Amino acid sequence: MEQNYDAYTAEDHQNWSILFDRQNKAVLHLAANAFRSGFLQLDLNPHRIENIPVRNITMKQKFGWQLHPVSGLLPLDEFLNLLINKEFPVTVYMRRKEELEFSELPDIFHDLYGHAPMLASPVFSEFISRYAEIAIGYINDPEAVEYMSRFYWYTMEMGLIEEEGKLKPFGSAILTSAGEMENIVSPDVPKRPFDVDDVLNAPYDSFNLQTQYFYLQSFEQLFDALGTFRQTLQNKAFATK
Ligand SMILES: [Fe+2]
């Protein structure tokens, strides 16, 4: 679909600007180094919603990725195919004023502020497309889909990494949510060292604050986990195959 840029209202741009300012003050300095570096390279407009076609003029050359405007959540095969082709789906919807604290569904702020900076990390962005290449072979198996969702959830959305002795978020659902940012520093919420088997066996609830997180030592560790991920999907069987 196209992003109908002229359809954004003054209030939409204002909502973008409010969120941008708030997250920059509250969150950016706490984020993972790769996220902050990508954020600086991306240099998003703080005052107005990004124009995706204009942004795409330089995206490919700078990051090797394109942004692909979508109206909402996609069928899994379409979603994974975009990632394989290094096209990152960006929801064009801008959340309303009453959703500033919590938006149940992804919006353009979540996708651009939260996800796009990590595309600048060569190892992480390669991880995303390799993940999708593996996952797409198993989309007809509900059990496999659950595993691939967990892997995505605890990394792309809720991932932490240990840097300079601190646990820093790179997951976009943390970086675009005030509630999750508070939650990750709570001593009552377990933070577990990343282990792909543990992640694949950890159910999650996307509508409430998380009850656990996983933290990486490096993004190479995540990339290396793809081998186990592939093996697990193969072994689980999938009686239908
Ligand atoms: Fe997301």
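- Database annotation for the chain, UniProt heading Sequence similarities (unreviewed entry): "Belongs to the biopterin-dependent aromatic amino acid hydroxylase family."
- Here the chain is described in UniProt, under the heading Cofactor (unreviewed entry), as follows: "Fe(2+)".

**Description of the coordination of the iron ion**
For step 1, the next point in the chain: Protein-derived ligands of the iron ion are His110 (NE2), His115 (NE2) and Glu157 (OE), with the metal-ligand distances lying across 1.9 to 2.1 Å.
For step 2, the next point in the chain: Written as a sequence motif, the donor arrangement for the iron ion is H-x4-H-x41-E. His115 carries the same exposure label as His110, and that label is buried.

**A few points about the packing of aromatic side chains**
Here a ring pair, both rings aromatic, is described through the centre-centre distance and the interplanar angle of the planes.
For step 1, the next point in the chain: Evaluation of the coordinates by the stated rule reveals 24 aromatic pairs.
For step 2, the next point in the chain: Taking 6.2 Å as the distance between ring centres and 85° as the angle between the ring planes, the aromatic pair formed by Tyr154 and Tyr204 counts as edge-to-face. Here Tyr154, found in helix 7 (residues 142–157), pairs with Tyr204, found in the loop between helix 10 (196–200) and strand 6 (213–216); they are 50 residues apart in sequence, far enough to count as distant.
For step 3, the next point in the chain: One aromatic cluster is present, built from ring pairs that chain together Phe79, Phe124, Phe127, Tyr131, Phe151, Tyr152, Phe170, Phe194, Phe219 and Phe229.
For step 4, the next point in the chain: A cation sits over an aromatic face here: Arg150 above Tyr147, 5.8 Å from the ring centre.

**Describing the pairing of strand 1 (residues 66–70)**
Consecutive side chains along a regular strand alternate between the two faces of the sheet.
For step 1, the next point in the chain: Pairing analysis gives five bridges linking strand 1 to strand 2 (residues 87–91), with the strands arranged parallel. Across the sheet, Gln66 pairs through a bridge with Glu87, a residue of strand 2.
For step 2, the next point in the chain: Handedness of the crossover is the feature at issue here: the chain leaves strand 1, passes through helix 4 (residues 76–84), returns alongside strand 2, and the resulting connection is right-handed.

Scoring rules and cut-offs
- Residues numbered from 1 in each chain as written.
- Predicted model: local features only at pLDDT ≥ 70, side-chain atom pairs only at ≥ 80, totals over all residues.
- Heavy atoms only, no water.
- UniProt positions renumbered as here; feature names shortened; annotations may be inferred.
- Donors = N, O, S within 2.8 Å, 3.2 Å for Na, K, Ca; no water.
- Buried < 20%, exposed > 50% of the residue type's maximum accessible area, 1.4 Å probe, protein only.
- Phe/Tyr/Trp six-rings, centres within 6.5 Å; stacked < 30°, edge-to-face > 60°.
- Helix = DSSP H or I, 4+ residues; strand = E, 2+ residues; numbered from the N terminus.
- Lys NZ or Arg CZ within 6 Å of the ring centre and 35° of its normal.
- Pairing = 2+ DSSP bridges.
- Right-handed = clockwise from strand over helix to strand, strands pointing away.

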